[in-house]
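Residue-level structure breakdown
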Amino acid sequence: EEGRYLEINLGLFSETDALEMIAYHLDVSVEDIDGSFLRNLFTSSRGMPHYLSYVLETIKRNDLTVKLDNGLIGLKSSESAESKLGYKSVNDLLLYRLDALDSSVRTTLHLAAVLGMEFDLLDAALSYEEVCGVKNADRFSAAMELCAHLNVAEKEGIIERVLSSAKHDQDEFGDPVDEEDRLCESLEDVIVSPSVRKSHPLYSENRRYRFTHDSWKTSILSVMLASRKEEMHEQIATVLEREIVEETESKDDLEKQITVFKHWNLSGNFIKAAELALQIGGQLTILGLNSQADLIFSDVITGLKREQGGVTYGGICSSVLDAVEPPELELLLKVYIGKGKALCNLAKGKAGAEAYQSALDILHYTPCAFAPEFDRSVSFPIFSGLFLVLKMGVIEQNEGGSYEVGLCKQFVEQARLNNDPVHYGRALAMQGETLARLGKFEEALENLETIKSIYDIETQHAAICKAYGSDRVGQAFSHSVNWNHALGRTDAALATCKYIVDEIVPKSDPKNAHNTFCLLYSVIVTMKEHDKALEARDLFIAAVVDPFEEHFGSGGSTVTKPMWKPILMVLDMQGNGSKEIEHIEEYLEWALDESSYELKSAIEIGMGNYSATPLAMFAEVPYYLARREEVELKKRKQLIQTARAQMEKSLENAQKCIPYAKSYAREKLVAIGALSTELGV
């Protein structure tokens with residue numbers, strides 16, 4: 001929030017700045033500092049503030065100052081004018097201080113650095129037992145030994161305790177909690193399960209530590225062998241994962257799961273890291289946290305990209321893929337697919353296309369993909385994903401749609417051979433959209449009849465959403481509304497709308513707002529165009545808006561959410577006609593703000609393949625406002641001009657969308673033109 005944080009950019013210090021810092025650290029006057037002292041430190045630190053701070057701290061700790069013959073303060077090592085302090089870098093200085101510590105303290109600091117910038121004492125203790133092979137009978141002595149090591153590091157200024165204001169004013173026995181016991185701020189209060197961890201000797205002393213500066217952690221890790229770090233990460237992951245399994249309240253704790261994932265990933269255990277990434281990424285996607293899900297998936301992929309050299313597929317070296325076994329390939333493809341879904345949910349179609357194409361390239365190259373034990377159904381969401389980004393307008397193809405037709409043909413044949421209605425249904429739905437895009441509406445509707453024969457929403461909906469992000473099979477019925485419109489079959493289109501509302505939406509997962517929106521978008525537009533705007537508004541609120549706010553709150557995010565407000569405004573004004581509108585001023589403010597019409601092209605083209613383009617709906621807000629006589633004439637003229645400009649853009653965008661999107665924009669432009677003439681614009 002504004003005013004909450006203060007950002008300070010520190011550049012290199014001048015000699016004057018450095019002199020003042022020396023005086024401040026040593027608690028002396030600037031006039032008492034010898035010039036050689038200043039030159040020595042300034043040369044060593046090169047004016048870098050944090051380096052100079054560490055140098056001064058080391059000088060003070062080791063009593064390296066002396067009063068020179070001239071009565072000024074200098075370095076003990078600088079009595080010879082030619083001498084230098086002797087540290088080439090911050091890392092050298094820190095390593096000098098670390099080397100002075102006992103080896104057992106350094107070992108504990110190795111563990112602490114692998115745990116992370118900030119860590120829980122109990123996690124450190126349990127990991128220490130795992131790393132050192134401590135037996136149950138020796139837990140107390142090991143705990144005391146660990147605390148002694150941490151105390152030394154704390155006195156040296158390497159780590160510090162993290163103090164927090166506790167959420168509770170009493171402990172579990174009802175006694176007031178002392179200020180000194182209010183610890184562990186970064187992950188709220190540390191949750192300790194009485195059934196698992198209370199027996200540990202350090203239970204009552206649990207607290208959090210952090211490194212005083214990232215340079216300490218970095219320096220410690222820099223001297224550790226890569227294999228040793230990986231081994232420690234695996235041991236820590238094993239301990240933390242064991243606790244998640246045993247503690248009921250931790251199983252849904254995303255913070256703890258992500259911590260375990262990071263350690264598995266850094267341990268080099270691809271299978272464990274990928275499995276956990278898919279679990280966490282799935283939860284994050286459901287919560288609308290797609291950017292975070294993308295980061296999790298990218299971390300797994302980056303781990304495999306470390307080996308360089310030779311030909312790469314999806315950014316991964318061919319020598320790595322040559323050694324992959326079927327279970328590993330299945331997980332790798334799922335990770336790329338998860339990444340593609342998250343990026344498409346963020347309307348980053350181009351990046352999503354790259355993720356899906358990488359998965360396809362890996363599938364086509366990797367030798368074990370042809371092994372009998374490889375589950376080919378894992379690859380089906382790749383075809384669905386590429387089809388999705390194609391609809392977003394990200395992938396260019398010729399007028400005959402050869403890329404789309406070829407993709408669809410591969411998918412349908414492979415899914416048919418796999419004999420799984422979940423994937424076969426999705427392949428047929430994709431085929432129906434392809435046929436319709438080529439103008440073959442009758443064939444598309446025949447294809448829908450085949451879907452009807454295998455689609456059972458009650459048994460397949462969850463599996464389809466898990467594999468493809470939303471119920472792409474159920475959405476085939478929504479697309480068929482437009483196919484019937486194209487053939488002039490209004491009654492069939494309305495009957496399909498009723499079937500979607502009565503049979504499909506009630507049996508769909510209410511938490512999957514994106515799926516519900518895709519199911520209802522063509523229905524809402526059709527109802528609105530057949531004098532049922534207010535009914536459509538009530539349906540939209542009941543099926544999309546209310547469930548979303550119930551599960552994710554008003555601050556939640558989903559890719560189509562920018563469309564909700566303008567749709568509700570249009571339905572309100574169209575349905576109420578000339579009646580008084582309660583929120584007219586709010587609508588005017590939105591419509592007169594040019595930024596309201598800014599929309600990512602991926603959303604515009606993507607949803608324009610379901611019905612009217614989003615921008616067409618946006619353009620109707622100023623159109624309906626311009627029709628209202630209570631709005632002053634000057635504003636009405638401005639509004640109708642905005643409506644025309646935005647609807648013309650919609651028509652231009654609709655050239656990449658389904659035929660209905662084009663006919664809708666043309667029809668609305670006629671109405672806008674008539675009102676423009678009436679207003680004298």
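Scroll up a little and you will see the structure.
As a starting point, this report considers the structure included with it. These figures come from a predicted structure and were not determined experimentally.

Rules of the game
- Residues numbered from 1 in each chain as written.
- Predicted model: local features only at pLDDT ≥ 70, side-chain atom pairs only at ≥ 80, totals over all residues.
- Heavy atoms only, no water.
- Helix = DSSP H or I, 4+ residues; strand = E, 2+ residues; numbered from the N terminus.
- Buried < 20%, exposed > 50% of the residue type's maximum accessible area, 1.4 Å probe, protein only.
- Contact = heavy atoms within 4.5 Å.
- Areas by Shrake-Rupley, 256 points an atom, 1.4 Å probe, with all protein chains shown as cover.
- Salt bridge = Lys/Arg side-chain N within 4 Å of Asp/Glu carboxyl O.
- Phe/Tyr/Trp six-rings, centres within 6.5 Å; stacked < 30°, edge-to-face > 60°.
- Pairing = 2+ DSSP bridges.
- Axes fitted to C-alpha atoms, helices over the stretch in contact; angles between N-to-C directions.
- Polar contact = N/O pair within 3.5 Å; in protein donor to acceptor, adjacent residues only side chain to side chain.
- Parallel < 35°, antiparallel > 145°, perpendicular 65-115°, else oblique.
- Left-handed = near helix turned anticlockwise from the far one by under 90°.
- Nonpolar A, V, L, I, M, F, W, Y, C, P; charged D, E, K, R; others polar.
- Core = buried A, V, L, I, M, F, W, Y, C linked by side-chain atoms within 4.5 Å.
- Patch = residues over 30% accessible without salt bridge, like charges linked within 9 Å, V, L, I, M, F, W, Y side chains within 5 Å.
- Lys, Arg positive; Asp, Glu negative; His and termini not counted.
- Charge placed at Lys NZ, Arg CZ, Asp CG, Glu CD.
- Expected span 1.5 Å × (residues − 1).

This part covers the overall build of the chain. Within the chain, the secondary structure is distributed over 30 helices and 7 strands. Across the 681 residues in the chain, those meeting the buried criterion constitute 51%. Summarising the internal contacts of the chain: among those between residues at least 6 apart in sequence, 66% fall at separations of at least 24. Surface exposure of the chain reaches about 32,500 Å², of which carbon and sulfur atoms provide 50%.

Our next topic: the pattern of salt bridges. A side chain of one charge can pair with a side chain of the opposite charge when the charged atoms of the two come close. For the structure on display, the rule yields 23 salt bridges. Measuring nitrogen to oxygen at the nearest pair gives 2.6 Å for the salt bridge that ties Lys-339 to Asp-294. Residue Lys-339 is located in helix H14 (residues 326-345), and its partner Asp-294 is located in helix H12 (residues 290-304); the two are separated by 45 residues in the primary sequence. A residue is classified by how much of its surface remains accessible, and Lys-339, at 17% relative accessible area, is buried. The buried category is assigned to Asp-294, whose relative accessible area is 13%. When the shortest N-O distance is used, the salt bridge between Lys-507 and Glu-458 registers 3.8 Å. With Lys-507 in the loop between helix H22 (490-504) and helix H23 (513-528) and Glu-458 in helix H20 (residues 457-468), this pair connects stretches of sequence that are 49 residues apart. One continuous salt-bridge network, built from bridges that share partners, spans Lys-528, Glu-529, Glu-620 and Lys-668.

Before going further, it helps to examine the packing of aromatic side chains. Tallied over the entire structure, the rule returns 17 aromatic pairs. With 5.7 Å between their ring centres and 45° between their planes, Phe-380 and Phe-411 make a pair best called tilted. In this pair, Phe-380 sits in helix H16 (residues 380-391) while Phe-411 sits in helix H17 (residues 402-418), placing the two residues 31 residues apart along the sequence. Note on Phe-517 and Phe-540: the rings are 5.8 Å apart at their centroids and 75° apart in plane angle, and the pair reads as edge-to-face.

Another aspect to go through is the sheet that holds strand S4 (residues 159-161). Taking strand neighbours across the sheet as the criterion, the 3 strands line up as S3-S5-S4 in an open arrangement whose pairing is antiparallel. Looking at the sheet topology across the chains shown, the edges are occupied by strand S3 (118-120) and S4. Strand-to-strand, the axes of this sheet are offset by a mean angle of 25°, without reference to chain direction. Direction of pairing for S4 relative to strand S5 (residues 208-211): antiparallel, over a ladder of 3 bridges. Directly across from Glu-160, in S5, lies its bridge partner Arg-210.

Let us now look at the pairing of S5. Two strands pair when backbone bridges link them, and S3 and S5 are joined in this way by 3 bridges, in the antiparallel orientation. When the sheet's bridge partners are listed, Glu-118 is paired in S5 with Arg-210.

Moving on: the side chain of Asn-576. Counting through the fold element by element, Asn-576 comes out in helix H25 (residues 561-576). Judged by its relative accessible area of 18%, Asn-576 is buried. A distance of 2.6 Å separates polar atoms of two side chains, one belonging to Asn-576 and the other to Asp-572. Excluding anything up to four places from it in sequence, Asn-576 contacts Leu-534 and Ile-581.

Next up on the list: the packing of H14 against H16. Put simply, H14 and H16 touch, their axes get as near as 10 Å, and they point 25° apart. By the angle class used here, H14 and H16 are roughly parallel. Like other packed secondary-structure pairs, H14 and H16 cross with a definite hand, here left-handed. Note on element contacts: H16 touches H14 through Pro-381, Ile-382, Leu-388 and Val-389, opposite Leu-333, Ile-337 and Cys-344. Counted by class, the contact of H14 with H16 contains 7 nonpolar, no polar and no charged residues.

Moving on, we get to the environment of Ile-672. On the secondary structure map, Ile-672 appears in helix H30 (residues 659-679). Sequence separation between Ile-672 and Tyr-624 is 48 residues; the distance between their C-alpha atoms is 9.5 Å. Residues in contact with Ile-672, not counting those within four places in the same chain, are Tyr-623, Ile-640, Ala-643, Arg-644 and Met-647.

Attention shifts here to the environment of Gly-577. By secondary structure assignment, the location of Gly-577 is in the loop between H25 and helix H26 (584-591). Assessed through its relative accessible area of 37%, Gly-577 is described here as partly exposed. The spatial distance from the C-alpha of Gly-577 to the C-alpha of Arg-628 is 8.7 Å, given a sequence separation of 51 residues.

Before going further, it helps to examine the nonpolar core. One finds Leu-109, Phe-211 and Tyr-521 to be the most contacted residues of the largest nonpolar core, which totals 191 residues. Beyond its immediate chain neighbours, meaning those up to four positions away, Leu-109 contacts Leu-98, Leu-101, Ala-153, Ile-158, Ile-159, Phe-211 and Ile-220. Membership of the second largest hydrophobic core comes to 17 residues, among which are Leu-26, Ile-33, Leu-38 and Leu-75.

Residues Glu-589, Asp-593, Glu-594 and Glu-598 make up a contiguous surface patch of negative charge. Mapped onto the secondary structure, Glu-589 falls in helix H26.

Taking the C-alpha atoms as reference points, Lys-339 and Ile-301, 38 residues apart in sequence, are found 9.8 Å from one another. If we ignore the near neighbours within four places in the chain, the residues touching Lys-339 are Asp-294, Phe-297, Ser-298, Ile-301 and Ala-355. A polar side-chain atom of Lys-339 sits 2.6 Å from a polar atom in the side chain of Asp-294.

Before going further, it helps to examine the packing of helix H19 (residues 441-454) against helix H21 (residues 475-486). Viewed as axis vectors pointing N to C, H19 and H21 meet at an angle of 150°, and their least axial separation amounts to 10 Å. As far as their axial angle goes, H21 and H19 are roughly antiparallel. Note on packing geometry: the crossing formed by H19 with H21 is left-handed. Residues Phe-441, Ala-444, Leu-445, Leu-448, Ile-451 and Lys-452 of H19 form the contact with H21, whose own contacting residues are Ala-476, Phe-477, Ser-480, Trp-483, Asn-484 and Ala-486.

What follows concerns H17. Count 3.6 residues to each turn of an α-helix, and residues three or four apart come out pointing the same way. Taking 1.5 Å of rise per residue, 17 residues should cover 24 Å, and H17 covers 24 Å from first to last C-alpha, within 8% of that figure. On its buried side, H17 packs onto H16, helix H18 (421-437) and H20. Directly after H17, the chain includes Asn-419, whose backbone phi takes a positive value near 60°.

Looking now at unusual backbone geometry. We note that Asp-27 has phi near 60°; this positive angle belongs to a residue other than glycine. Tracing the backbone through its elements, the reader meets Asp-27 in the loop between helix H1 (15-26) and helix H2 (35-45). Taking relative accessible area as the criterion, Asp-27 reaches 69% and is therefore assigned exposed. If you check the backbone angles, Asp-531 has positive phi at about 60° while not being a glycine. One can find Asp-531 in the loop between H23 and helix H24 (533-552). Judged by relative accessible area, Asp-531 falls into the exposed class, the value being 79%.

To continue, consider helix H6 (residues 121-132). When the terminal C-alpha atoms of H6 are compared, their 16 Å separation across 12 residues agrees well with the 16 Å that a helix rising 1.5 Å per residue should span. Of all 12 residues making up H6, 10 are buried, and the element is well covered by its neighbours. If you check which residues of H6 are buried, you get Leu-121, Leu-122, Asp-123, Ala-124, Ala-125, Leu-126, Ser-127, Tyr-128, Glu-129 and Val-131. The N-cap residue of H6 is Asp-120: its side-chain oxygen and the backbone nitrogen of Leu-122 are 3.3 Å apart. Positive phi appears at Gly-133, one or two residues downstream of H6, with a value of about 65°.

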